[in-house]
Amino acid sequence: MGGEDPHIHVEVKVVRRDADVRDLMASTFGLAGDLPSQVATGCGLRVPYAMTSPRPGAVTCLACREHARVEHLRFADEVERLGSTPGSTITAGQAKLAADRHRELAAGFSGAES
Ligand SMILES: [Zn+2]
């Protein structure tokens, strides 16, 4: 881990990395300057935050692409299950939208180099 890694990775918590949540947190608590300088990646490294991306087109580390694909698929299943649970906080329609979005992201990470 000598800092000569040219790849773009995904954060290990790729699915939770939600810009909306981050913006909300930042405006509510003034945490914008507190982003971690180093983050854990899907392939088990620690890299500067700037060397990660949640966008399928930007991630060049193959292990991280696979990690992100699996995570997004898993989350899609999870949210779908949540949507079909009686008394859930989200509707089946909302769950389907979210699941579709994450499946799309998963597909983006599954190869299909552009
Ligand atoms: Zn990686």
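Residues numbered from 1 in each chain as written. Predicted model: local features only at pLDDT ≥ 70, side-chain atom pairs only at ≥ 80, totals over all residues. Heavy atoms only, no water.

**Q** Would you mind showing me how to read the coordination of the zinc ion here?
**A** In ideal tetrahedral geometry, four donors around a metal make angles of 109.5 degrees, whereas ideal octahedral geometry with six donors gives angles of 90 or 180 degrees. Around the zinc ion, the protein contributes the donor atoms His9 (ND1), Cys43 (SG), Cys61 (SG) and Cys64 (SG), at 1.9 to 2.3 Å from the metal centre. Coordination at the zinc ion comes from four donor atoms whose angles at the metal span 106 to 114 degrees, giving a geometry best classed as tetrahedral. For the zinc ion, the single-chain donor residues occur in sequence as H-x33-C-x17-C-x2-C. Here Cys43 lies in the loop between β1 (38–40) and β2 (46–48) and His9 lies in the segment before α1 (19–29), a separation of 34 residues in the sequence. (Donors = N, O, S within 2.8 Å, 3.2 Å for Na, K, Ca; no water. Tetrahedral: all angles 85-135°; square planar, octahedral: opposite > 155°, others 65-115°. Helix = DSSP H or I, 4+ residues; strand = E, 2+ residues; numbered from the N terminus.)

**Q** Help me understand the side chain of His102 in this model?
**A** Considering the arrangement of structural elements, one finds His102 in helix α3 (residues 92–109). Those residues in contact with His102 that sit more than four places away from it in its chain are Val15, His72, Phe75 and Ala76. (Contact = heavy atoms within 4.5 Å.)

**Q** Hey, could you run me through the environment of Arg74 in this one?
**A** Within the secondary structure, Arg74 is located in helix α2 (residues 62–83). When its relative accessible area of 48% is taken as the criterion, Arg74 is described as partly exposed. The spacing of Arg74 and Ala106 is 32 residues in sequence and 9.5 Å in space, taken between C-alpha atoms. (Buried < 20%, exposed > 50% of the residue type's maximum accessible area, 1.4 Å probe, protein only.)

The analysis is restricted to geometry; functional conclusions fall outside its scope.
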